[in-house]
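Here is what each chain is made of, one letter per residue.
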Amino acid sequence: MSDFFSRGFGGRRRPPEGMEDRIPPGQYYERGFPVLTAGPTPTVDTGAWTFRVDGIVGAPQSWSWEEFRQLPFEDVPCDIHCVTKWSKLDTSFRGVSVDTLLEGAEPLGEFAMAYSFGGYTTNLALEDLTDGKAWVVTEHEGETLPEEHGGPARLLVPHLYFWKSAKWVAGLRVMDSNEPGFWESNGYHAHGDPWREERYWND
Ligand SMILES: Nc1nc2c(c(=O)[nH]1)N[C@H]1C(S)=C(S)[C@@H](COP(=O)(O)O)O[C@H]1N2
Ligand SMILES: [Mo]
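As the structure is a computational prediction, the values presented were derived from the model and not from experiment.

1. Quick look at the packing of aromatic side chains
Part 1 of the reasoning: Counted according to the given criterion, the structure contains 16 aromatic pairs.
Part 2 of the reasoning: Considering the side-chain rings of Phe33 and Trp86, the 6.4 Å spacing of their centres and the 70 degrees angle between planes classify their relative orientation as edge-to-face. On the criterion of sequence distance, the pair formed by Phe33 in the loop between strand E1 (28–29) and strand E2 (50–55) and Trp86 in strand E5 (residues 86–97) is long-range, its members being 53 residues apart.
Part 3 of the reasoning: Assessed through its relative accessible area of 4%, Trp86 is described here as buried.
Part 4 of the reasoning: Pairing Trp49 with Phe51 gives two aromatic rings, centres 6.4 Å apart and planes at 25 degrees, and the pair type is stacked. Judged on exposure class, the residue Trp49 and its partner Phe51 are both buried.

Right, dumping it as structure tokens:
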């Protein structure tokens, strides 16, 4: 009965034994994969899709869908943490490391704005996008990334709150200052480390 009620009230369940230390402060264990989108879901046709690295770079980059598919893909097992307090453990994605995408671009700034089809933006320090910490992913748990979760491609930055993982991502614009993106302009923290509870601008 208590199991029925805890599931009935939004799935605020305790994590399985031994996984408690993987839930950051103030978060709860979620078994599902909620969809959180501000505004309508854009339909992005892979025929028209490109991914760009632009802004202040020595050599701007652009890949078509077919070109992107030729890049080296990696499996990314991870836990994800949404600022609305759900954490999903032991999920996985597959995609291209941002290290690979920045390789030929010669970034000349320390920050980037991830921008999406549909207009969403989120800012990140390059330090949080490099050294195996961020990917542009096209698969989730062995399946094509569903449209509502950002397909055909989304940014994945699992060590930061999930609003940094821009769905329908179209590119990274390198910047010399840390300009706020969509949620960051609306009170969310510039950095967003779930282990430090960097939820809102004054946290
Ligand atoms: N383009 C775009 N990306 C986005 C969002 C959005 O509204 N638009 N929402 C963000 C937020 S707040 C979260 S928590 C995650 C949710 O991803 P999901 O819907 O796959 O769970 O996507 C992030 N990326
Ligand atoms: Mo979120």
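Now that the structure has been shown, we can carry on.
2. Thoughts on the site of ligand 1
Part 1 of the reasoning: For ligand 1, the set of nearby residues contains 19 residues, the closest of which are Pro34, Ala38, His149, Arg154 and Lys167.
Part 2 of the reasoning: Note that an oxygen atom of ligand 1 is positioned 2.8 Å from one of the backbone N or O atoms of Leu36.
Part 3 of the reasoning: Ser165 is positioned such that a nitrogen or oxygen atom in its backbone is 3.2 Å from a nitrogen atom of ligand 1.
Part 4 of the reasoning: Considered on its own, ligand 1 offers 530 Å² of accessible surface; in the complex 97% of this is hidden by protein.
Part 5 of the reasoning: Here the shell around ligand 1 is built from residues that sort into 13 nonpolar, four polar and two charged.

3. Some points on the confidence of the model for the protein
In low-pLDDT regions, the fine details of the predicted coordinates are not to be read closely.
Part 1 of the reasoning: Predicted confidence across the protein gives a mean pLDDT of 94, with 94% of residues reaching 70 or more.
Part 2 of the reasoning: Per-element confidence in the protein ranges from a low mean pLDDT of 44 for helix H1 (residues 2–8) to a high of 99 for strand E10 (residues 154–156).
Part 3 of the reasoning: Under a pLDDT of 50 for its full length, residues 1–11 has, in the predicted model, ten contacts with residues more than four places off or in other chains.

4. Quick look at the nonpolar core
Part 1 of the reasoning: The biggest cluster of nonpolar side chains holds 36 residues, and the ones touching the most others in it are Phe51, Val53, Phe68, Leu101, Leu129, Val136 and Leu155.
Part 2 of the reasoning: Only E2, helix H2 (65–69), helix H3 (98–102), strand E6 (111–116) and strand E11 (169–175) provide two or more residues apiece to this core.
Part 3 of the reasoning: Apart from residues lying up to four places away in sequence, Leu155 is in contact with Val98, Ala114, Leu124, Leu129, Trp135, Val136, Lys164, Ser165, Ala166 and Val169.

What counts and how
Residues numbered from 1 in each chain as written. Chains lettered and ligands numbered in written order. Predicted model: local features only at pLDDT ≥ 70, side-chain atom pairs only at ≥ 80, totals over all residues. Heavy atoms only, no water. Phe/Tyr/Trp six-rings, centres within 6.5 Å; stacked < 30°, edge-to-face > 60°. Helix = DSSP H or I, 4+ residues; strand = E, 2+ residues; numbered from the N terminus. Buried < 20%, exposed > 50% of the residue type's maximum accessible area, 1.4 Å probe, protein only. Near = heavy atom within 4 Å. Polar contact = N/O pair within 3.5 Å; in protein donor to acceptor, adjacent residues only side chain to side chain. Areas by Shrake-Rupley, 256 points an atom, 1.4 Å probe, with all protein chains shown as cover. Nonpolar A, V, L, I, M, F, W, Y, C, P; charged D, E, K, R; others polar. pLDDT = per-residue confidence, 0-100. Contact = heavy atoms within 4.5 Å. Core = buried A, V, L, I, M, F, W, Y, C linked by side-chain atoms within 4.5 Å.

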